[in-house]
Amino acid sequence: MVGASVAARKPFYTNLTVQVLTAIVIGVVLGALAPATAVDMRPLGDVFIRMVKMVIAPIIFLTVVTGISGIGDMKKVGRVGGRALLYFEVVTTFALAIGLVVVNVIRPGSGIGAVAATAGSAAKNADVAKYADLASHQSTVEFLVNIVPDNIVGAFAKGDLLQILFFSVFFGAALAALGEPGKPVEHFLEKVAHALFGVIGYLMRFAPLGAFGAMSYTVATFGIGSLTSLGLLMVSIYLTMAGFIFVVLGVIARAYGFSLWRMLRYIKEEILIVLGTSSSESALPRIMLKLQRFGCSKTVVGLVIPTGYSFNLDGTSIYLSMAAIFIAQAYNIDLSIWQQISILAVLMLTSKGAAAVTGGGFITLAATLSATHALPVEGLALLLGVDRFMSEARAITNLIGNSVATIVVSKMEGEFDQDMALEEYRVFLKEPTLQTI
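These numbers were taken from a predicted model, which means no experiment stands behind them.

J.: Now, about a nonpolar patch on the surface: what can you tell me, with residues and values included?
T.: A cluster of nonpolar side chains, contributed by V101, V105, I106 and L232, occupies part of the molecular surface with about 360 Å² of accessible area. In terms of residues, the nonpolar patch owes the most to one element, helix α5 (residues 74–106), which gives three residues. Within the secondary structure, V101 is located in helix α5.

J.: Which residues make up helix α11 (residues 183–203), and what values go with them?
T.: Taking 1.5 Å per residue, 21 residues should reach 30 Å; α11 reaches 30 Å between its end C-alpha atoms and fits that length. Every buried residue of α11 is accounted for by E186, L189, A193, L196, F197, I200 and L203. Down the axis of α11, the smallest arc covering the buried residues is 105°, so these residues share one side. Residues of α11 that are exposed and point more than 90 degrees away from the buried face comprise P184, F188, K191, H194 and Y202.

J.: Which residues make up the nonpolar core, and what are the values?
T.: Of all hydrophobic cores here, the largest spans 114 residues; its most connected members are M263, I400 and V404. Ranked by residue count, the leading element in this core is helix α4 (residues 42–71), at 13 residues. Excluding anything up to four places from it in sequence, V404 contacts Y87, L249, I252, F258, L260 and M263.

J.: Quick rundown of the environment of S403? Include the residues and the values.
T.: Tracing the sequence through the fold places S403 in helix α21 (residues 381–412). Along the sequence, S403 and M288 sit 115 residues apart, while their C-alpha atoms lie 8.8 Å from each other. Among the polar contacts listed, one links the side chain of S403 to the backbone oxygen of L399, at a separation of 2.9 Å.

J.: I'd like to hear about the pattern of salt bridges, residue by residue, with values.
T.: Enumeration according to the criterion identifies nine salt bridges in this entry. For K290, the salt bridge identified is with E270, shortest N-O distance 3.1 Å. Within this pair, whereas K290 is found in helix α16 (residues 284–293), its partner E270 is found in helix α15 (residues 268–277), the two being separated by 20 residues in sequence. Judged on exposure class, the residue K290 and its partner E270 are both buried. Measuring nitrogen to oxygen at the nearest pair gives 3.8 Å for the salt bridge that ties R426 to E423. Taken together, the residues span about one helical turn, with R426 and E423 both in helix α22 (residues 418–428) at a distance of three residues. Residue class for R426 comes out buried when judged on its relative accessible area of 19%. The class of E423 is partly exposed, set by a relative accessible area of 36%. Overlapping salt bridges, with partners in common, bring together E269, E270, R286 and K290 in one network.

J.: An account of the environment of S321 is needed here, citing residue identities and associated values.
T.: Mapped onto the elements, S321 comes out in helix α18 (residues 314–330). Between the C-alpha atom of S321 and that of M348, which follows or precedes it by 27 residues, the distance is 9.8 Å. Beyond its immediate stretch of four places on either side in the chain, S321 contacts A95, L96, G99, L100, V103 and L347. In this structure the side chain of S321 is engaged in a polar contact, spanning 3.1 Å, whose partner is the backbone oxygen of I318.

J.: Account for the packing of α15 against α16, with residues named and values stated.
T.: Packed helix pairs are specified by the crossing angle of their axes together with the interaxial distance, meaning the distance between the axes. The geometry of α15 relative to α16 is characterised by a closest axis approach of 10 Å and an angle of 170° between their N-to-C directions. Looking at the two axes, α15 sits roughly antiparallel to α16. Residues E269, E270 and I273 of α15 pack against R286, I287 and K290 of α16. The residue makeup of the contact of α15 with α16, split by class, is two nonpolar, no polar and four charged.

What counts, and where the lines are drawn
Residues numbered from 1 in each chain as written. Predicted model: local features only at pLDDT ≥ 70, side-chain atom pairs only at ≥ 80, totals over all residues. Heavy atoms only, no water. Patch = residues over 30% accessible without salt bridge, like charges linked within 9 Å, V, L, I, M, F, W, Y side chains within 5 Å. Areas by Shrake-Rupley, 256 points an atom, 1.4 Å probe, with all protein chains shown as cover. Salt bridge = Lys/Arg side-chain N within 4 Å of Asp/Glu carboxyl O. Helix = DSSP H or I, 4+ residues; strand = E, 2+ residues; numbered from the N terminus. Expected span 1.5 Å × (residues − 1). Buried < 20%, exposed > 50% of the residue type's maximum accessible area, 1.4 Å probe, protein only. Arc of directions from axis to C-beta. Core = buried A, V, L, I, M, F, W, Y, C linked by side-chain atoms within 4.5 Å. Contact = heavy atoms within 4.5 Å. Polar contact = N/O pair within 3.5 Å; in protein donor to acceptor, adjacent residues only side chain to side chain. Axes fitted to C-alpha atoms, helices over the stretch in contact; angles between N-to-C directions. Parallel < 35°, antiparallel > 145°, perpendicular 65-115°, else oblique. Nonpolar A, V, L, I, M, F, W, Y, C, P; charged D, E, K, R; others polar.

Next up, the structure:
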């Protein structure tokens, strides 16, 4: 409690939340008032995301390996993975279905045929062609085959989360099978992991600069005025994701005995970092550490978070279902309920690979449009201008969804330390009399 008192006496401007939020506001103002200058700020955001990405692969490897070798029970690892995947499938299906219902009720794409007619400009078609070409190589079978790395060094170099996770599980199992002779290696890897978490602490000091650079570039490039014609779609997606978070995830949190609102307050800094950078990966190492401090076991965190970044993308699922039907509405294509259900079925598969490829959500949407043969792939051009603005909502929803999933699976496994969580809340939220999480 002494540490909390000392932290409370620090000047407010030293708080990371305040710094990131201020940076975002300054970035928006600069992008609106001096777009030429703001565009030049993009490298600040790019460099920060690169800095974070450079530690993601080793953090996941070390966390998974030490977690599995520490428990030494592969049946338990399989049980955790199975429960996590079942949870992911149920929740992402809910997200896809909710997006489908909302977009049919609000119909944001109706009456913008004029906008659709302008979607064929050379510049836009070039961008769409790029995404469509990438999508043509992203079949479900190929996605599953690519989970197995043909070169583990290459997997680390590319930062492919699923390939790294695949190798890490086998390495951790092999280390656990060694028993006592493997303990020195396990202890060494744990020390390296602690050092890497220290590196993350240093990197987070640059988060305000990264958020400022990314937000300045976004507003300067696309402009607030450019959102008018697609504003209803954006509002619909934002409201749907907010409803999903506070209703669906809120009910899940309540069912498993914790407050979603308190959890959101606990991870508010990570949410703001994602808001500023439009990348949920920018908060991945930090959220893994924070959930362990919150009482989730290292094994569960190490398996659920990396897997969730490919299989539990709630925000991306909502976006994909709404964007697909939006394109149908824009082109006056009347889809029957069975055609929409078939699109939903395809999205249940294609959405699972959304984070495994560059341009994730857009490429997955292109793959879905190509697979259904019911919607024009060139309709993607309608979304290019505002996709960057919707990516913040997707990334934040994905982050919150995976945080809830980790706590839920930890509780399912009896691997959640309630006392540790309460103490962390009392210190972090400055509520010494708190009795429940």
